[in-house]
Amino acid sequence: MRFLRHFSKMSTPGISSLRYKYLERKEAFKEDSLKKKEPFSLFHEWFQEVLNDKLVEEPNAMCLSTVGKDGQPSSRYVLLKGYSDAGITFFTNYESRKAQEMLNNPKVALNMYWFAHKRQIRVEGIVSKVSEKESEDYFRERPVESQMSASISRQSQKVPSREYLDELMAGVRKKTEAEGKVPMPNWGGYLVKPHLFEFWQGQSNRLHDRIVFRRYPGVEKEVDGTLTKEGDDGWVYERLAP
């Protein structure tokens with residue numbers, strides 16, 4: 001109880017009254033605005049809008065959630081580095097916590113949120129590694145400093161100090177100058193193959209818009225034309241209450 005009282009005193013006043021203005025009813029996201037009844041086209045449309053908006057910093061930042069062997073979920077931000085009808089691609093160290101968790105449980109979730117546009121996209125899917133060639137091709141496209149950082153970092157492992165990392169960096173810099181190439185680390189790409197997309201658009205009255213696309217074996221049996229509707233390319237779509 002003492003801890004709870006202390007925590008209450010430390011709480012920042014005014015948080016409960018924070019209210020941000022979103023979109024108005026006339027800007028509601030309706031099903032009849034969908035150019036195609038499948039999620040990849042809409043993902044491309046929304047992403048291109050934020051990509052071309054200079055007010056949005058790091059439009060490709062996305063929160064990746066994984067689950068450990070003990071059932072504990074963990075989340076962190078990674079950068080989207082490609083997308084197509086096949087799925088969504090990002091890169092990371094294969095020794096990291098997220099890599100180990102994805103190895104044991106390939107079910108993941110992604111979330112992209114752009115406040116400037118009052119929109120977010122949530123994705124659920126199955127993850128798998130991309131080819132070694134695709135991983136190395138992208139690795140060599142990165143700035144040399146970024147390559148060197150990746151090559152010396154055993155991501156998520158304990159290290160004694162910042163100076164220790166700086167020493168490793170100095171060592172790989174000398175090696176790179178001598179050999180003309182940064183050694184390829186245990187690092188590469190992942191492809192998330194989605195079976196669910198949720199597109200969310202905020203409304204100022206909090207009656208937010210949520211449209212979900214789902215695709216997996218047997219989902220077409222749920223189509224009733226009212227709550228669950230048939231989409232394109234094997235997808236179904238629905239509106240969810242906010």
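Residues numbered from 1 in each chain as written. Predicted model: local features only at pLDDT ≥ 70, side-chain atom pairs only at ≥ 80, totals over all residues. Heavy atoms only, no water.

Engineer: It is not clear to me how the pattern of salt bridges should be interpreted in this structure. Could you clarify?
Structural biologist: Opposite charge on two side chains permits pairing when their charged atoms draw close. Under the counting rule described, the total for this entry stands at 16 salt bridges. Residue Glu49 is joined to Arg119 by a salt bridge in which the shortest nitrogen-to-oxygen separation is 3.0 Å. Here Glu49, found in helix α2 (residues 39-51), pairs with Arg119, found in strand β6 (residues 119-129); they are 70 residues apart in sequence, far enough to count as distant. The class for Glu49 is partly exposed, based on a relative accessible area of 33%. A salt bridge links Glu95 to Arg154; the nearest nitrogen and oxygen atoms lie 3.1 Å apart. Here Glu95 is found in the loop between β4 (87-93) and α3 (97-104), whereas its partner Arg154 is found in the loop between α5 (144-152) and α6 (162-179), with 59 residues between them in sequence. Judged by relative accessible area, which is 26%, Glu95 ranks as partly exposed. What makes Arg154 exposed here is its relative accessible area of 54%. (Salt bridge = Lys/Arg side-chain N within 4 Å of Asp/Glu carboxyl O. Helix = DSSP H or I, 4+ residues; strand = E, 2+ residues; numbered from the N terminus. Buried < 20%, exposed > 50% of the residue type's maximum accessible area, 1.4 Å probe, protein only.)

Engineer: In this structure, what is going on with the pairing of β6? I would like to understand it.
Structural biologist: Two faces, one strand: in a regular strand the side chains alternate between the faces of the sheet. Both strand β5 (residues 107-114) and β6 contribute to a ladder of eight bridges, which runs antiparallel. Directly across from Met112, in β6, lies its bridge partner Ile121. Where β5 hands over to β6, the hairpin turn is made up of four residues, of which Lys118 adopts a positive phi near 55 degrees. Where β6 lies against strand β7 (residues 187-201), 11 bridges are found, and the strand directions are antiparallel. If you follow Glu124 over to β7, its bridge partner there is Leu196. (Pairing = 2+ DSSP bridges.)

Engineer: I'm lost on the packing of aromatic side chains in this one. Help?
Structural biologist: What characterises a pair of aromatic rings is the spacing of the ring centres plus the angle enclosed by the ring planes. Inspection of the entire model under this criterion finds 20 aromatic pairs. Consider the rings of Phe199 and Phe213, whose centres lie 6.0 Å apart with planes at 90 degrees: the pair is edge-to-face. Linking Phe199 in strand β7 with Phe213 in strand β8 (residues 209-214), this pair joins segments that are 14 residues apart in sequence. The pair Phe199 / Phe213 is uniform in exposure class, with both members buried. Aromatic rings pair up to connect Phe29, Phe40, Phe43, Trp46, Phe47, Tyr83, Trp114, Phe197, Phe199, Phe213, Trp235 and Tyr237 into one cluster. The ring of Phe115 carries the charged tip of Lys118 above its face, separated from the ring centre by 4.6 Å. It is Lys129 that lies over the ring of Tyr94; its NZ or CZ is 3.9 Å from the centre. (Phe/Tyr/Trp six-rings, centres within 6.5 Å; stacked < 30°, edge-to-face > 60°. Lys NZ or Arg CZ within 6 Å of the ring centre and 35° of its normal.)

Engineer: Honestly, a nonpolar patch on the surface in this entry has me stumped. Any pointers?
Structural biologist: Taken together, the side chains of Ile15, Leu18, Tyr20, Tyr113 and Phe115 present a nonpolar region at the surface, about 510 Å² in accessible area. Since its relative accessible area comes to 47%, Leu18 is described here as partly exposed. (Patch = residues over 30% accessible without salt bridge, like charges linked within 9 Å, V, L, I, M, F, W, Y side chains within 5 Å. Areas by Shrake-Rupley, 256 points an atom, 1.4 Å probe, with all protein chains shown as cover.)

Engineer: Can you help me understand the environment of Val127 in this one?
Structural biologist: Inspection of the secondary structure assignment puts Val127 in strand β6. On a C-alpha basis, the gap between Val127 and Lys193 in space is 6.2 Å, while along the polypeptide they are 66 residues apart. Apart from the residues lying within four places of it in its own chain, the contact partners of Val127 are Phe90, Met102, Pro106, Val108, Tyr190, Leu191 and Val192. (Contact = heavy atoms within 4.5 Å.)

Engineer: Before we go on, may I ask you to explain α6 in this structure?
Structural biologist: Since one α-helical turn is 3.6 residues long, residues separated by three or four positions face the same way. The end-to-end C-alpha distance of α6, which contains 18 residues, comes to 26 Å, matching closely the 26 Å that a straight helix rising 1.5 Å per residue would cover. Of the residues making up α6, those classed as buried are Met169, Val172 and Thr176. The arc enclosing the buried residues of α6, seen along the axis, measures out at 70 degrees, which places them on a common side. Away from its buried face, by an angle of more than 90 degrees, α6 presents the exposed residues Glu163, Glu167, Lys174, Glu177 and Ala178. At its buried positions, α6 is contacted by α5. Positioned one or two residues after α6, Gly180 has a phi angle of 80 degrees, which is positive. (Expected span 1.5 Å × (residues − 1). Arc of directions from axis to C-beta.)

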